[in-house]
There are 2 protein chains.
Amino acid sequence: MPELRRDPVVGRWIIIDHSKGPTDFPKDDNTPTRQAICPFCPGREVRTPPEIDAIRAYGSTPDTPGWQVRTVPNKFPVLTAQDALEKHGNGIYDEMTGVGAHEVMIECPDHEKTLTDLTSEEMGMVISQYQRRYRQLSKVDHFKYVVIFKNFGSSAGATVEHTHSQIIALPMVPKTVTEELKGAEHYHQIHGRCVFCDMIAQEYNDKERLVAENNSFLAFCPYAPRYAFETWIIPKAHFADFGQIDQKTQGHLSQILQDVLQKIKKVLDNPSYNYYLHTAPVEYSNPSAYHWHMEIIPKLTRSVGFEWGTGLHIVPTFPQEAARFLREA
Amino acid sequence: MPELRRDPVVGRWIIIDHSKGPTDFPKDDNTPTRQAICPFCPGREVRTPPEIDAIRAYGSTPDTPGWQVRTVPNKFPVLTAQDALEKHGNGIYDEMTGVGAHEVMIECPDHEKTLTDLTSEEMGMVISQYQRRYRQLSKVDHFKYVVIFKNFGSSAGATVEHTHSQIIALPMVPKTVTEELKGAEHYHQIHGRCVFCDMIAQEYNDKERLVAENNSFLAFCPYAPRYAFETWIIPKAHFADFGQIDQKTQGHLSQILQDVLQKIKKVLDNPSYNYYLHTAPVEYSNPSAYHWHMEIIPKLTRSVGFEWGTGLHIVPTFPQEAARFLREA
C-alpha cells in the first residue's frame, strides 16, 4: 500500500511504496579508467586554468605536481566574475547579469581513487578545502550564496571521472534553499525552535531511519525523501553556517561523509550520486531558525520528467528500509 | 555571457546561456518497434485491467478491439482507491494513506503511430478523453487534484512505447502547482490581474519567444525556462480550469498541441519529452488568479542532480533562440 508523506520543512508531499530494494535499480559502471586523457591528473596542470587554491607539498610551485587537493576555475563556467552585476526589469520579468564564480576542486591526485578510497587525513583535506573556498567566496561583493556540490558518475552528471567537487557562487539564493529558509523560519516563528533540531530529536527517538553517527553528526534517511536511499548528514549542534564549524567538527564531518559514501557504495554497488551542502546564505539574519546539512542522493532512477513538472516525487523505497540496509552495511 | 532570469510566477531564478543549439544534445531513438509484445495493442485487451472509459466503434464491446482511445487502470498504480483516506501525525511529520487513482490512456490503436501521426480528428479524441477523465475524477470524494501527463520516449520515463498518457488523481495538491497558485494569487492581490494574462500580453508584445498560435491558444518558450526548448501552451482567454473548456476550444488545443509536438520532433530529431497540464485544483476558490496551461519539456539533458538539489536550473539555450527554431520549423 503506498503512503503519502509530507516534509516538515518545505511542505512537499511525496508518494512512497515498497516496490524497490537496493538491487532493483539499473547499474552504472563507475570505475575510473580514462587516465590517459585526464586534464585533472598531476603533470597536466596546464590543461586547467591557473589554480586558485591548493593543499600542496611545502615549497612546491602552483600549477605543478605536489598537490593533494587543487582548486581551479571551471574551464566552462556557468557564471563568471568578469562583469559588473546589473539588474534589469523587462516588463513582468526580472534579469541579472551572470556574475558569480564557478570553481572545480580536484579532491586527490590519484586518478583511480574516489572519496571512499582516501585516507582519513586526505578526506579531511577535502572538507578543509571546502570550508576555505566557502569562506573566501562568501566574502566577495555581490555573492549571496555559495553552493558546494559533487556529481559522481556519469548518470549524476560528472563529465570528468577524476574525483572532484564543484563550487558555485551566486548573486542570489537558489530556490530550494529559499524554500527551506522560509519553511524553517515559519516553524521557528510558531514553535520558537529549529525544525531541524526537532527532526534530529525525533530521528533519535524513532531510530529506524538512522544510518550512522559520530560525536558531532547524525546521518539518516529523511522521513519524506524525494529519492530512494536519499541520506542527510546533519550536525547535532545547532549551526546555521557551514563556514563557522571548527577543525575538530570538520574532522567528524569528513569521517561520517566517508562512512556514508562507503555504505552507499556497498549497498547500491558503486552507484552514481550527487551531494550538496545546504547552509545559510551569506549574512543571514536569522541563524537560530536554520541548520546547515548535507544531502546525498544516489542517482538510481533515470527519468524524472513527471516529478519535474509536478513536484510530486514517487519514491520506490521506504526510508526505514533504505536506512536499515545502509546501517547494516 | 550567461544571464540570470526570474520566473514571475514562482520566483525561481535560472542561469541561461548560448552554449547549445538544437543539434548539440544526445539523441534518443524513439521509433516504436516492439509491437510483438505490446500489452496496449488491439487484441491484447486482456493484458490490461478492464477498461474504465473508451472512445470506440458504436456497438463494440469493452475490452475488445474497436476502440480509438482507451483508458484503463495502471497495472502498477502509484495510488489506488481501495482504502479509506486516513491522515496521521507522526511527531513533526505528516502522513496520509495512498488514496487516489492512476489511469493509463492509450491514445490510438496503431502501435507505430505517435501523437504527431494522428489525424486531427484522432488527436481531438485524445483531448476529449483527457477532459472526460479529468471531469470524472474531479468529482470523486477526497480527490483534490488531477494530473494529466505524458512521458514520450525512454529518456522521459516511458516504459511502454505504444503511445499513451497517464492520469493521476491525488488527495492533495502537488508542490509545483501549490507554488504556482501562491505566486499567481500574490500577483493578483497586488495588481488585480492574472499574472499569466500579463505574460500572454508581454509575449505578444515581445514576439521573439512565440512558437505558434491559433484562435484560442498561444504557444511560447517561457522567459525563464527550466529546460532547453521548454514550451508552454496557454489559452488566450482567462480560464482557471481545464475541465471547463468547450468542444471548440478542445479542438484548438488539439491542433496547437499537435503543431508544437511536430515542431519539436522536427527541430530536435524526435526527442523524448514530457508534458503535463497545470490546472486549478478541484473546487478552487480563486479562479480569477489562476490560468490553466500545458508545459512541454523535451528531455535533452540527462543529468540534473545539481538542479534537483538546489532548484538552480542551468539552461543551455536562450528561449528566443529555441522559439525561433520551433517557429520556423
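Asker: I'd like a rundown of the pairing of strand β13 (residues 273–278) of chain A, residues and numbers included.
Answerer: Residue and element names in this part refer to chain A. Within β13, six of the six residues are buried, leaving the element largely enclosed by the surrounding structure. Burial of the side chains of β13 extends over both faces: Y273, Y275 and L277 are buried on one face and N274, Y276 and H278 on the other. Across six bridges, the pairing between β13 and strand β14 (residues 293–298) is antiparallel. Of the residues in β14, the one forming a bridge with Y276 is E295.

Asker: Describe in detail the interface of chain B and chain A, supporting the description with residues and values.
Answerer: Each partner contributes residues to the interface: chain B has 68 residues there, and chain A has 69 residues. Across the chain B to chain A interface the summed buried area is about 6000 Å²; carbon plus sulfur atoms make up 64%. The tally of links from chain B across to chain A stands at four salt bridges. With a shortest N-O distance of 2.7 Å, K175 of chain A and E179 of chain B are connected by a salt bridge. Taken together, the connections running from chain B to chain A amount to 20 residue pairs in polar contact (both at pLDDT 80 or more). Among the elements that line the side of chain B that touches chain A, the one with the most residues is helix α3 (residues 195–206) of chain B, at six residues. Of the strand pairs in this sheet, strand β1 (residues 3–6) of chain A and strand β6 (residues 93–97) of chain B are connected by four bridges, and their pairing is antiparallel. Bridge pairing in β6 of chain B links E3 of chain A to T97 of chain B.

Asker: I'd like to hear about the relation of the copies chain B and chain A, residue by residue, with values.
Answerer: The two copies are related by a screw operation: chain B maps onto chain A through 180° of rotation and 0.0 Å of translation along the axis, at an RMSD of 0.0 Å. One copy is carried onto the other by what is essentially a two-fold rotation axis.

Asker: How would you summarise the sheet that holds strand β2 (residues 13–16) of chain A if you had to cite specific residues and measurements?
Answerer: Strand order in the open sheet formed by five strands is β15(A)-β2(A)-β1(A)-β6(B)-β5(B), and the pairing between neighbours is mixed. Only two strands of the sheet have a single partner each, and these edge strands are β15 (313–315) of chain A together with β5 (87–90) of chain B. With direction set aside, neighbouring strand axes in the sheet form an average angle of 30°. In terms of strand pairing, β5 of chain B meets β6 of chain B through four bridges, oriented antiparallel. Within the sheet, the bridge partner assigned to G89 of chain B lies in β6 of chain B and is D94 of chain B.

Asker: Give me the lowdown on the nonpolar core, citing residues and values where you can.
Answerer: Counting residues in each nonpolar core, the largest one holds 93 residues, and the members touching the most others are L170, F196, M199 and Y290 of chain A together with L170, F196 and M199 of chain B. Beyond its immediate sequence surroundings of up to four residues, Y290 of chain A is in contact with E180, L181, A184, F196, H238, F239, A240, H278, T279, A280 and Y284 of chain A.

Asker: So what's going on with the environment of D206 of chain B? Residues and values would help.
Answerer: Residues and elements named next belong to chain B. Checked against the element boundaries, D206 lands in helix α3. Expressed as a C-alpha distance, the spacing of D206 and Q320, which sit 114 residues apart in the sequence, is 9.9 Å. Here R209 takes part through its side chain, which lies 2.8 Å from a polar atom of the side chain of D206.

Asker: I'd like to hear about helix α2 (residues 175–191) of chain A, residue by residue, with values.
Answerer: Residue and element names in this part refer to chain A. Over its 17 residues, α2 extends 24 Å from the first C-alpha to the last, a length consistent with the 24 Å expected when each residue adds 1.5 Å. Buried residues of α2: K175, T176, V177, E179, E180, L181, G183, A184 and Y187, and no others. G192 sits one or two residues past α2 and shows a positive phi near 70°.

Asker: Now, about the packing of aromatic side chains: what can you tell me, with residues and values included?
Answerer: A complete count under the given rule lists 18 aromatic pairs over all chains for this structure. Residues Y273 of chain A and Y275 of chain A carry aromatic rings whose centres are separated by 6.1 Å and whose planes lie at 15° to one another, so their mutual orientation is stacked. Put simply, the rings of Y134, F217, F242 and W292 of chain A touch in pairs and so form one group of aromatic residues. We note R5 of chain A situated over the ring of Y223 of chain A; from NZ or CZ to the ring centre the distance is 4.0 Å. Over the ring of F325 of chain B we find R324 of chain B; its NZ or CZ atom is 5.1 Å from the centre of that ring.

Asker: Let's hear about the sheet that holds strand β9 (residues 164–170) of chain A: which residues, and what values?
Answerer: Residues and elements named next belong to chain A. If you walk across this open sheet you meet the 10 strands as β3-β4-β7-β9-β8-β13-β14-β12-β11-β10, and the pairing is antiparallel. Each of the sheet's edge strands pairs with one partner strand only, and the pair in question is β3 (53–56) and β10 (210–213). Pairs of neighbouring strands in the sheet enclose a mean axial angle of 15°, with direction left out of account. Relative to strand β4 (residues 67–73), β3 runs antiparallel, the two being bridged by four bridges. Bridge pairing in β4 links I55 to V69. Where α2 meets the sheet, its contacts fall on β8 (145–152), β13 and β14, and the angle it forms with β13 comes to roughly 50°.

So, how was this worked out
- Residues numbered from 1 in each chain as written.
- Chains lettered and ligands numbered in written order.
- Predicted model: local features only at pLDDT ≥ 70, side-chain atom pairs only at ≥ 80, totals over all residues.
- Heavy atoms only, no water.
- Buried < 20%, exposed > 50% of the residue type's maximum accessible area, 1.4 Å probe, protein only.
- Helix = DSSP H or I, 4+ residues; strand = E, 2+ residues; numbered from the N terminus.
- Pairing = 2+ DSSP bridges.
- Contact = heavy atoms within 4.5 Å.
- Buried area = accessible area lost by both parts, 1.4 Å probe.
- Salt bridge = Lys/Arg side-chain N within 4 Å of Asp/Glu carboxyl O.
- Polar contact = N/O pair within 3.5 Å; in protein donor to acceptor, adjacent residues only side chain to side chain.
- Least-squares fit on C-alpha atoms with pLDDT ≥ 70 in both.
- Axes fitted to C-alpha atoms, helices over the stretch in contact; angles between N-to-C directions.
- Core = buried A, V, L, I, M, F, W, Y, C linked by side-chain atoms within 4.5 Å.
- Expected span 1.5 Å × (residues − 1).
- Phe/Tyr/Trp six-rings, centres within 6.5 Å; stacked < 30°, edge-to-face > 60°.
- Lys NZ or Arg CZ within 6 Å of the ring centre and 35° of its normal.

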